[in-house]
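Working through the structure, step by step
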Amino acid sequence: ACLLACLLLSCFLAFLLLASSLSSYFSSCLPTHAAAYQADQLNKHRGPEVEDWMPHHDQDGYTDQRAVLGGLRPMRNHDPLLDAKALRRAMRGLGTEERVLSGIIGSRVFSQRRAVTQAFETMYRKHKLYDDVQSETSGTYGRMLLALLTDPHEFLAECLHNSMKGLGTDDEILMETLCTQSNFSVRRIKEHYETRYEIPLEHHVQADTSGHYRQLLLAICKAERTDEDTVVDVAKVKEDAYALLMAGEAKRLGTDESVFIEIFAHRSFAHLRLLALAYAKLDDFDIEKAISRETSGHFCKALLTTMRAAKDSIALHADILERALADVMFKDHDTLIRVLVSRSEATCATSFSNCLVTSSLTRILKQRN
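Overview of the structure. (Residues numbered from 1 in each chain as written. Predicted model: local features only at pLDDT ≥ 70, side-chain atom pairs only at ≥ 80, totals over all residues. Heavy atoms only, no water.)

Here we take up the overall build of the chain. Along the chain, the regular secondary structure elements total 20 helices and 0 strands. A buried classification covers 43% of the 369 residues belonging to the chain. The long-range fraction of contacts in the chain, counting pairs at least 24 apart against all pairs at least 6 apart in sequence, stands at 68%. For the chain, the computed accessible surface area is about 20,500 Å², with 55% contributed by carbon and sulfur atoms. (Helix = DSSP H or I, 4+ residues; strand = E, 2+ residues; numbered from the N terminus. Buried < 20%, exposed > 50% of the residue type's maximum accessible area, 1.4 Å probe, protein only. Contact = heavy atoms within 4.5 Å. Areas by Shrake-Rupley, 256 points an atom, 1.4 Å probe, with all protein chains shown as cover.)

Moving on, we get to the environment of Lys 289. For Lys 289, the position within the fold is in helix α17 (residues 287-294). For Lys 289, a relative accessible area of 44% corresponds to the partly exposed category. C-alpha separation for the pair Lys 289 and Leu 304, spaced 15 residues apart in sequence, amounts to 9.3 Å.

For the pair helix α14 (residues 234-247) and helix α16 (residues 269-280), the least separation of the axes is 9 Å and the interaxial angle reads 60°. Considering their axes alone, α14 and α16 lie oblique with respect to each other. α16 is crossed by α14, and the crossing has right-handed handedness. Facing α14, whose interface residues are Lys 236, Val 237, Asp 240, Ala 241, Leu 244 and Leu 245, α16 presents His 271, Leu 274, Leu 275, Ala 278 and Tyr 279. When the residues that make up the contact of α14 with α16 are grouped by side-chain class, the tally is 8 nonpolar, 1 polar and 2 charged. (Axes fitted to C-alpha atoms, helices over the stretch in contact; angles between N-to-C directions. Parallel < 35°, antiparallel > 145°, perpendicular 65-115°, else oblique. Left-handed = near helix turned anticlockwise from the far one by under 90°. Nonpolar A, V, L, I, M, F, W, Y, C, P; charged D, E, K, R; others polar.)

Glancing now at the side chain of His 317. Among the secondary structure elements, His 317 is positioned in helix α18 (residues 297-325). Once residues within four sequence positions are removed from consideration, His 317 is found in contact with Glu 176, Thr 180, Val 339 and Arg 343.

The next subject is a nonpolar patch on the surface. On the surface, a nonpolar cluster with roughly 270 Å² of combined accessible area is contributed by Val 234, Leu 274 and Leu 277. With respect to the helices, strands and loops of the structure, Leu 277 is situated in helix α16. The class for Leu 277 is exposed, based on a relative accessible area of 56%. (Patch = residues over 30% accessible without salt bridge, like charges linked within 9 Å, V, L, I, M, F, W, Y side chains within 5 Å. Salt bridge = Lys/Arg side-chain N within 4 Å of Asp/Glu carboxyl O.)

Bringing the nonpolar core into the picture now. With 80 residues, the main nonpolar core has Leu 87, Leu 178, Leu 201, Leu 216, Leu 244 and Phe 264 as its most contacted residues. Examining the composition of this core, we find that 13 residues originate from one element, α18, more than from any other. Apart from residues no more than four positions distant in its own chain, Leu 178 is found in contact with Leu 160, Leu 201, Val 205, Leu 217, Ile 220 and Cys 221. (Core = buried A, V, L, I, M, F, W, Y, C linked by side-chain atoms within 4.5 Å.)

With that settled, consider the packing of helix α9 (residues 152-164) against helix α11 (residues 183-197). Across the interface, α9 lies against α11 with an axial gap of 8 Å and an inter-helix angle of 65°. If you check the angle between α9 and α11, you find them roughly perpendicular. In this structure, the crossing between α9 and α11 has a hand that is right-handed. In this structure, α9 contributes His 153, Glu 154, Leu 156, Ala 157, Glu 158, Leu 160, His 161 and Met 164 to the contact, and α11 contributes Phe 184, Ser 185, Arg 188, Ile 189, His 192, Tyr 193, Arg 196 and Tyr 197. A class-by-class count of the residues in the contact of α9 with α11 yields 8 nonpolar, 4 polar and 4 charged.

So yeah, pure geometry; function would need other evidence.
Printed below as a string of structure tokens:
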């Protein structure tokens with residue numbers, strides 16, 4: 001009996017060894033492009049709705065529907081009905097196919113996401129896409145999807161309100177949001193803010209800030225910058241550069257902050273870019289160094305944020321992303337969501353900025369997986 005038991009145990013171990021060897025062999029025979037293979041199999045089982053949002057490349061290698069921060073591009077021949085069907089299928093029944101939600105919501109520009117929302121609510125009258133996504137997801141991932149489904153200007157209005165409600169003020173959000181926006185964006189943010197919270201944005205800004213910092217933000221809230229489409233007056237640029245020099249470095253006593261507020265709140269970003277070059281020819285310090293020497297506190301930071309946004313907005317936001325990801329243990333998810341959502345349709349200005357953003361996105365995706 002003992003001999004028979006040993007024989008059976010030996011046969012069982014030999015069978016396990018053979019099964020392991022066969023598994024290794026067949027795994028090595030799988031296609032080398034595993035991701036492409038899995039995507040192909042996924043399409044066969046899930047139907048055309050999912051195939052619609054999978055990446056497709058034209059002859060030039062351009063991915064027309066893949067989210068690339070610094071260039072989320074409109075999907076060609078977009079059909080919101082197919083997206084709506086795929087999203088409904090992904091959230092129906094037990095469990096949620098998050099990959100489908102990410103693939104559709106995360107790779108459409110806002111105008112297309114809005115069309116998908118309208119199609120979804122027309123086809124499934126008892127369901128709201130925003131409410132369904134909210135009930136099917138949670139945590140940082142759910143907040144990211146909900147932010148993408150919200151009008152970008154309404155989302156920024158919500159960020160501003162959250163930065164000022166309760167005790168204390170998150171001045172980083174105030175500066176990052178207000179000092180980097182065009183006239184059109186500032187006006188739209190103000191409209192959504194007043195509609196949603198029934199109080200003008202300026203009232204909260206005035207109540208939560210002080211001094212020259214308050215004056216600068218209130219001036220920006222008026223949305224009176226020179227139109228970005230207007231040709232920059234080089235003579236005016238030189239005049240402003242000289243005015244800043246006389247109000248700061250060349251002024252014997254103190255600083256005339258009103259000159260800084262007038263220029264930084266009312267000149268176009270294109271004008272401010274040339275102003276930085278013109279100022280460097282007049283002074284031993286560049287414009288940012290001069291601002292740091294002549295001003296202080298939140299007023300100084302707001303002026304620097306405005307100038308950096310004028311020079312290279314993508315580099316500014318890439319730097320914000322890097323700082324949000326710097327702490328290994330405590331990531332600033334609110335900042336990640338705010339920057340990625342608000343800047344998702346911006347255009348990369350420099351390869352350096354693109355590298356920073358790509359690095360940030362890669363790290364976020366790795367953490368998500």
